[in-house]
Amino acid sequence: DAGVTQSPTHLIKTRGQQVTLRCSPKSGHDTVSWYQQALGQGPQFIFQYYEEEERQRGNFPDRFSGHQFPNYSSELNVNALLLGDSALYLCASSLAGTGYNSPLHFGNGTRLTVT
Amino acid sequence: KNEVEQSPQNLTAQEGEFITINCSYSVGISALHWLQQHPGGGIVSLFMLSSGKKKHGRLIATINIQEKHSSLHITASHPRDSAVYICAVRGTGNQFYFGTGTSLTVIP
């Protein structure tokens, strides 16, 4: 049973560029959330996707956008990269409809470095 | 002010010691999660609580909904317990809020 997988594991981009990160949820899960974790900080919620729509959004600018595909996998896109976007980007999947009884399953993250 | 506050930020213990990590939150929640993050980034879910107490091996998690407080206890700590422990709450609006984590080092 595959868990949450993220790609790539590491990425180096230049300021102003655009980046796409990918996430495949745990088998059977239909909801994907994205988080940004700066060094030494806890994760910050970016947004959550369910049924191919953005359902919840944290306090992140429009440069951060996403997509969910019919197979429940998801992409996080960041445009016009800033140095401050350097962080570990984590994806977590869960099963909607289980209410608060849905545990979180995280991927190992993508380490993005913006130079 | 963060919605979730953890203490202590850093903790060093001798192998075998009893460890407590505290979490306080200021929002209404539907559930509280304790997570473990090892170097390299991977996060593992340890507990999900909405009331009372849960135990898994040497780990115990408690929550007091009225006081908006939770604790994670590790009995007979071991060097392999060294990691960052993160408290996260699912708000009633379904958004997650995370603490900044407690970095635990257990010395043999």
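In this report, the structure presented in the accompanying data block is examined. (Residues numbered from 1 in each chain as written. Chains lettered and ligands numbered in written order. Predicted model: local features only at pLDDT ≥ 70, side-chain atom pairs only at ≥ 80, totals over all residues. Heavy atoms only, no water.)

Things to note about the overall build of chain A
Along the backbone of chain A there are 0 helices and 11 strands. Going from N to C terminus, chain A has its helices and strands arranged as β-β-β-β-β-β-β-β-β-β-β. Relative to the compact-globule value of 13 Å for 115 residues, chain A shows a C-alpha radius of gyration of 13 Å, a close match. Seen through its C-alpha atoms, chain A measures out along the principal axes to roughly 40 × 25 × 25 Å. Taking as baseline every contact in chain A between residues at least 6 positions apart, the subset at least 24 positions apart corresponds to 53%. For chain A, the exposed surface amounts to about 5,500 Å²; the carbon and sulfur share of it is 48%. Looking at chain A, you have 8 positive and 9 negative side-chain charges, and the mean spots of the two groups are 11 Å apart. (Helix = DSSP H or I, 4+ residues; strand = E, 2+ residues; numbered from the N terminus. Rg over C-alpha atoms; globule rule 2.2 N^0.38 Å. Contact = heavy atoms within 4.5 Å. Areas by Shrake-Rupley, 256 points an atom, 1.4 Å probe, with all protein chains shown as cover. Lys, Arg positive; Asp, Glu negative; His and termini not counted. Charge placed at Lys NZ, Arg CZ, Asp CG, Glu CD.)

Description of the side chain of Gln68(A)
Residue and element names in this part refer to chain A. By the element assignment, Gln-68 lies in strand E7 (residues 64–68). Within the structure, Gln-68 has its side chain in polar contact with the backbone oxygen of Asp-30 (distance 3.1 Å). A distance of 3.4 Å separates the side chain of Gln-68 from the backbone nitrogen of Tyr-50, its partner in a polar contact. (Polar contact = N/O pair within 3.5 Å; in protein donor to acceptor, adjacent residues only side chain to side chain.)

Section: the sheet that holds strand E3 (residues 19–24) of chain A
All names here are of chain A. On the basis of which strands lie adjacent, the open sheet formed by 4 strands has the order E1-E3-E8-E7 and antiparallel pairing. Taken across any chain shown, the strands that pair with only one partner, and hence form the sheet edges, are strand E1 (5–7) and E7. Put simply, the sheet's adjacent strands are angled 20 degrees from each other on average, direction ignored. In terms of strand pairing, E1 meets E3 through 3 bridges, oriented antiparallel. Across the sheet, residue Gln-6 finds its bridge partner in E3, namely Cys-23. (Pairing = 2+ DSSP bridges. Axes fitted to C-alpha atoms, helices over the stretch in contact; angles between N-to-C directions.)

Here we look at the interface of chain B and chain A
Taken residue by residue, the interface counts 21 residues in chain B and 22 residues in chain A. At the boundary of chain B and chain A, one finds 0 salt bridges. Here chain B and chain A share 1 residue pair in polar contact (both at pLDDT 80 or more) between them. Residue contributions to the side of chain B that touches chain A peak at 5 residues, all from strand E4 (residues 29–37) of chain B. Partitioned by chemical class, the residues of the side of chain B that touches chain A number 7 nonpolar, 13 polar and 1 charged. (Salt bridge = Lys/Arg side-chain N within 4 Å of Asp/Glu carboxyl O. Nonpolar A, V, L, I, M, F, W, Y, C, P; charged D, E, K, R; others polar.)

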